[in-house]
Amino acid sequence: MANFNSSVLNPDRYTHISDLELLEQFYASHDNHWLGILLPRYTLLLLGVCMKYLKNEEEAKDSVQQIFLKAITELHKYKVGYFKSWLYMVAKNYCLMKLRDRQGRISVEIKDQMAVTPEEDNNRHLHLEKDRQLELMSNSMQELANEQKLCVTLFYLEKKTYQEIAGQTGFTLMQVKSYIQNGKRNLRILLEKKLNA
Amino acid sequence: MDNDLLNILSNSNKDIDNQKLMDYLGGKLSGKDKYEVEKWMADNEFVNEAVEGLQDFSGKKNLQAYVDQLNKDLNHYIQQKKLRREKRKIKEAPWVYIAIFVVLAIVVIGYIMIRKLLP
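Below is a short write-up of the structure.

Thresholds, definitions, all that
- Residues numbered from 1 in each chain as written.
- Chains lettered and ligands numbered in written order.
- Predicted model: local features only at pLDDT ≥ 70, side-chain atom pairs only at ≥ 80, totals over all residues.
- Helix = DSSP H or I, 4+ residues; strand = E, 2+ residues; numbered from the N terminus.
- Buried ≥ 20, exposed ≤ 12 C-beta atoms within 10 Å, placed from the backbone.
- Contact = placed C-beta atoms within 7 Å.
- Rg over C-alpha atoms; globule rule 2.2 N^0.38 Å.
- Nonpolar A, V, L, I, M, F, W, Y, C, P; charged D, E, K, R; others polar.
- Expected span 1.5 Å × (residues − 1).
- Axes fitted to C-alpha atoms, helices over the stretch in contact; angles between N-to-C directions.
- Parallel < 35°, antiparallel > 145°, perpendicular 65-115°, else oblique.
- Left-handed = near helix turned anticlockwise from the far one by under 90°.

Points about the overall build of chain A
Each helix and strand counted, chain A has nine helices and zero strands in total. Its helices and strands in sequence order give chain A the pattern α-α-α-α-α-α-α-α-α, from N to C terminus. When each of the 197 residues of chain A is scored for burial, the buried share is 34%. Within chain A, counting contacts between residues at least 6 apart in sequence, those at least 24 apart form 56% of the total.

Here you go:
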């Protein structure tokens, strides 16, 4: 298989330039040339998200095209801070709209405020001393359901892959992913409760 | 291990490595690299949902072809838009170009006349 990164539209000379720098170049010049370098970095991810929601390869492909057009239009109208999270939100909103048109049901549109980004993630516990953080995290881990605690421990602390965890525990891959996701979510909730107490 | 415990709730803003993602989907990655992609998925909802969708595509070769086509179409669209904008600029400000043409014509005609008048 040809090297994925050496596409015609993403020449090697731009690979060292970050998304943020590309976006800044775009905002300085309003030249779509910079978006022509930035957007292809996300084509694969967008294709995956569209496929997940729409369950149809052709529709997913068409949707990615529409999302590109929407992104280019919107980027000319206002400044975007966290591009990856914003693009994800645009993609999800587009897919939900397509599903709504298909099924005739009203879906919730994801607003800017709902898109959680790493930079915006409210890690309030980080201002605490490390020992206190460890204590809170450790106590919260103990309060998780056994399957979630086991999978989170094997994944994050012992760095095992989903397959290895499935092999060791007897859970299916879907269950392993679900226990890790739910475990992480519950850890966050438990930590928040302790911080607010 | 302490840092790993503290970082469970951190999300990832890692740069995309599309090749690694394709290799993961194709089952080509070893334990450590495989774990790295799965951690990326666990820490980033965009990547997680994307991988779930990508796993439903009928073939990895199709995927590659789709991505290449989409990128080509995007580039074509951007080029066309640029050309249309430049054509519009000429249409909207023709006097600038007419003035340049007239000045150049005067210079050329003036040069020819001067050459003829000189002995």
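The rest of the description comes next.
A few points about the overall build of chain B
Looking only at helices and strands, one finds six helices and zero strands in chain B. Its helices and strands in sequence order give chain B the pattern α-α-α-α-α-α, from N to C terminus. In terms of C-alpha radius of gyration, chain B reaches 30 Å, well past the compact-globule figure of 14 Å for 119 residues. Counting only C-alpha atoms and orienting by the principal axes, one finds that chain B spans roughly 95 × 40 × 30 Å. Among the 119 residues that make up chain B, the fraction classed as buried is 18%.

Digging into the interface of chain A and chain B
On the side of chain B, 44 residues touch chain A, which itself brings 49 residues to the contact. Residue assignment for the side of chain A that touches chain B shows that the elements contributing at least two residues are α3 (43–54), α4 (57–77), α5 (83–103), α6 (130–142), α7 (146–157) and α9 (173–196) of chain A. The leading source of residues in the side of chain A that touches chain B is α3(A), at nine residues. Residues of the side of chain A that touches chain B, tallied by class, amount to 26 nonpolar, 13 polar and ten charged.

Some details on helix α6 (residues 94–117) of chain B
For α6(B), which comprises 24 residues, the first-to-last C-alpha distance of 34 Å matches the rise-based estimate of 34 Å (1.5 Å per residue) to within 8%. When you tally the buried positions in α6(B), you get zero out of 24 residues, a small fraction of the element.

Some words on the packing of α7(A) against helix α8 (residues 162–169) of chain A
Residues and elements named next belong to chain A. Relative to each other, α7 and α8 sit at 135°, their axes nearing to 10 Å. Classified by the angle between their axes, α7 and α8 sit oblique to one another. As α7 runs across α8, the sense of the crossing is right-handed. The residues of α8 that touch α7, namely those facing Leu150, Cys151, Leu154 and Phe155, are Ile165, Gln168 and Thr169. When grouped by side-chain class, the residues that make up the contact of α7 with α8 number five nonpolar, two polar and no charged.

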